[in-house]
Amino acid sequence: MRNLRRSGVWFVASVLVLAASSIGLSRFLETETPVVSLALDPLNVNALISEITDDLNDATNDPDLDALLAKAEGALRFDLADARLYSLIGEIKYRQGKKEEAYEFFDQARKLSKTEIHALQRSIGHSIETGDLSKAVGEIDILLRRWPDRFPAVAEGLPTILSSPDGYQAVLAAIKAEAPWRASLFAALGKTPAGLKSADRLLLDLTGSSAPPKSSELSRVIYEHIRQKEYEQAYRLFLFSLSDQERKLGGYIFNSTFEPVPSGKPFDWQIGEQSGLEVTFVTSQDAVEGEGGATVRFLNTPVKNASLQQYIELPPGSYKISLNASARNLKLPKELFWSIRCMGPAGETARFKIPEGTYNRQALSQDFSIGPAGCPMQLLRLETAAIAESWRFRYVGTLVMHKLSIERLSS
């Protein structure tokens, strides 16, 4: 009798261990192989949700919506508080054409979980369709605060939202409140001409607010105008973005004395990463022996590009480019020069060479002209003539450019 009792206890224990193992293995497999997971534990709701979701997302087969609905409703009887089940049932009914019923389930899902991702996305689309654009923006804000990677899923609704006064004001209020998707918004708007117009308007309306335009936002939008060949609008936006202090640095070349206050904007100095040299800006007030400006120190290695540039906008006409520079033991085996290239079919319009050697505050200049066509905007760039990084052509020494300026010549 005692042995029989021990055998019964052992059997029950074994069954419990096997059941626990099956449940544990089912949970382990619920995402990758939900079918196997459900075979091990038919009550695993996570596995059931994964299986139904996979079937709905399978583009190669038409899902049996009635069968999937029966599975989801069956699971709901065991877990009435799982927002994902309500959302799945809503999606199935939506695909069956029962949209009113679907939105009831989406609403119930969001009552249980405000951030239930699928119900949120469907609700956003519904709000846009019905013209409740303020609600749509509020839902987008909830979605993106919890799921920031879902911005592409809502981006296609932005033109409709921003074309409406209510929608536009709701978006403006959200980004004034520093919505975490603010940067993504400006990145998305820059992809189309209509979006750029909305971006320009938002930047204008943010000016003077408690959340003014950020330099990165302005730079992105300016770059997008340039990419879409809207050069005049790009330059106007740059001028609009300047502070009172920055306006003092204005001219055909912005910040011609290389003051160390780069804004990162395209019409300001851009310093790229380049091996073989170091580029630093020093204000004239902090300079040793008056050597303020841009210092380029070559490290006795090949240099293919010098990586210092800015966009400029010169109307058609005659000009003079002038450089005041100092050098120490400067050796330039393949030339070092400033080039002015048209952002159009005209190509390079001027090349201003820098001499080798050692000199102090040497004044250099060269005349050039911008033709009446094919040159709507220009790129001013410091370059070397090296085509390949050959160790036979190593750049050595230090160049200090105190001032680089362009002046228009009278015709």
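Quick notes on the rules
Residues numbered from 1 in each chain as written. Predicted model: local features only at pLDDT ≥ 70, side-chain atom pairs only at ≥ 80, totals over all residues. Heavy atoms only, no water. Helix = DSSP H or I, 4+ residues; strand = E, 2+ residues; numbered from the N terminus. Areas by Shrake-Rupley, 256 points an atom, 1.4 Å probe, with all protein chains shown as cover. UniProt positions renumbered as here; feature names shortened; annotations may be inferred. Pairing = 2+ DSSP bridges. Axes fitted to C-alpha atoms, helices over the stretch in contact; angles between N-to-C directions. Phe/Tyr/Trp six-rings, centres within 6.5 Å; stacked < 30°, edge-to-face > 60°. Lys NZ or Arg CZ within 6 Å of the ring centre and 35° of its normal. Parallel < 35°, antiparallel > 145°, perpendicular 65-115°, else oblique. Left-handed = near helix turned anticlockwise from the far one by under 90°. Contact = heavy atoms within 4.5 Å. Disulfide = S-S within 2.5 Å. Buried < 20%, exposed > 50% of the residue type's maximum accessible area, 1.4 Å probe, protein only. Core = buried A, V, L, I, M, F, W, Y, C linked by side-chain atoms within 4.5 Å. Expected span 1.5 Å × (residues − 1). Arc of directions from axis to C-beta. pLDDT = per-residue confidence, 0-100.

**Structural notes on the overall build of the chain**
Next up, step 1: On a plain count of helices and strands, the chain comes out with 16 helices and 10 strands.
Next up, step 2: As displayed, the chain offers around 21,700 Å² of accessible surface, 53% of which is attributable to carbon and sulfur atoms.

**Concerning the UniProt feature "repeat: TPR" (unreviewed entry) in the chain**
Next up, step 1: When the UniProt feature table is mapped to this numbering, "repeat: TPR" (unreviewed entry) covers residues 83-116.
Next up, step 2: Between the first and last C-alpha atoms of residues 83-116 the distance is 7 Å; the span itself is 79% helix and 0% strand.

**A closer look at the pairing of strand 10 (residues 395-408)**
Next up, step 1: Pairing analysis gives 7 bridges linking strand 3 (residues 293-301) to strand 10, with the strands arranged antiparallel. Considered in strand 10, the bridge of F298 is made with G397.
Next up, step 2: The pairing of strand 5 (residues 317-331) with strand 10 spans 11 bridges and is classified as antiparallel. Residue pairing in the sheet places S322 in a bridge with S405 of strand 10.

**Overview of the sheet that holds strand 10**
Next up, step 1: If you trace the 5 strands from one edge of the open sheet to the other, you get 2-3-10-5-8, paired in antiparallel fashion. In the strand order of this sheet, the two ends are held by strand 2 (277-282) and strand 8 (357-370), each with one partner. Adjacent strand axes in the sheet meet at a mean angle of 20 degrees, parallel and antiparallel pairs treated alike.

**Re the packing of aromatic side chains**
Next up, step 1: Here the structure, examined in full by the defined rule, presents 14 aromatic pairs.
Next up, step 2: Ring centres of F238 and F267 lie 5.4 Å apart, and the angle between their planes is 40 degrees; this geometry places the pair in the tilted category. Pair noted here: F238 is in helix 15 (residues 231-241) and F267 is in the loop between helix 16 (244-247) and strand 1 (270-271), with a separation of 29 residues, a long-range link.
Next up, step 3: Cluster of aromatic residues (ring-pair linked, three or more members): Y235, F238, F254, F267 and Y311.
Next up, step 4: Of note, R146 hangs over the ring of W147, and the distance from its end group to the ring centre comes to 3.9 Å.
Next up, step 5: Positioned over the ring face of Y168 is R201, at 3.7 Å from the centre of the ring.

**A few points about the packing of helix 5 (residues 83-95) against helix 6 (residues 99-112)**
Next up, step 1: For the pair helix 5 and helix 6, the least separation of the axes is 8 Å and the interaxial angle reads 165 degrees. The angle between helix 5 and helix 6 places the two elements in the roughly antiparallel class. In this structure, helix 5 meets helix 6 at a crossing whose hand is left-handed. Residues A83, Y86, S87, I89, G90, E91, K93 and Y94 of helix 5 touch helix 6, and the partners they reach there are K99, E101, A102, Y103, F105, F106, Q108, A109 and L112.

**Observations concerning the state of the cysteines**
Next up, step 1: A full pass over the atoms with the stated rule returns 1 disulfide.
Next up, step 2: Between C342 and C375 runs a disulfide, and the two sulfur atoms are separated by 2.1 Å. Taking the sign of the S-S torsion, -90 degrees for the link of C342 and C375, the bridge is left-handed. Of the two residues, C342 is situated in strand 6 (residues 336-342) and C375 in the loop between strand 8 and strand 9 (378-384); the sequence distance between them amounts to 33 residues.
Next up, step 3: Its relative accessible area of 10% is what places C342 among the buried residues.
Next up, step 4: Note on C375: relative accessible area 9%, which makes it buried.

**Quick word on the nonpolar core**
Next up, step 1: With 47 residues, the main nonpolar core has L185 and F267 as its most contacted residues.
Next up, step 2: Setting aside its immediate chain neighbours within four residues, L185 contacts F151, L158, V171, I175 and L202.
Next up, step 3: Core analysis: the second largest hydrophobic core is formed by 40 residues, W269, L323, A325 and I370 among them.

**Comments concerning helix 6**
Next up, step 1: For helix 6, built from 14 residues, the straight-helix expectation of 20 Å at 1.5 Å per residue is met to within 8% by its first-to-last C-alpha distance of 20 Å.
Next up, step 2: Looking only at helix 6, the buried set comprises A102, Y103, F105, F106, A109 and R110. Along the axis of helix 6, the buried positions cluster into a sector of 160 degrees, meaning they face one direction only. Of the exposed residues in helix 6, the ones pointing more than 90 degrees away from its buried face are E100, E104 and K111.
Next up, step 3: Elements that come into contact with the buried residues of helix 6 comprise helix 5, helix 7 (117-129) and helix 8 (133-146).

**Considering the pairing of strand 6**
In summary, the side chains of a regular strand alternate between the two faces of the sheet.
Next up, step 1: Most of strand 6 sits out of view: 6 of its 7 residues are buried.
Next up, step 2: Pairing analysis gives 7 bridges linking strand 6 to strand 9, with the strands arranged antiparallel. Bridged to W338 within strand 9 is L382.
Next up, step 3: As judged from the 5 bridges shared by strand 6 and strand 7 (residues 348-353), these two strands associate in the antiparallel manner. What sits directly across from F337, in strand 7, is K353.

**A closer look at the confidence of the model for the chain**
Next up, step 1: For the chain, the average pLDDT comes to 83, and 86% of its residues sit at 70 or higher.
Next up, step 2: Note that pLDDT drops below 50 for residues 8-32; the model gives that stretch 19 contacts with residues more than four away or on any other chain.

**As for the environment of A385**
Next up, step 1: You can see A385 is positioned in the loop between strand 9 and strand 10.
Next up, step 2: Each C-alpha atom of the pair A385 and F337 lies 8.0 Å from the other, and the pair is 48 residues apart in sequence.
Next up, step 3: The contacts of A385, once residues within four sequence positions are left out, are K334, E335, F337 and Y395.

**Details of the environment of L242**
Next up, step 1: Relative to the assigned elements, L242 resides in the loop between helix 15 and helix 16.
Next up, step 2: L242 sits in the buried class, given a relative accessible area of 9%.

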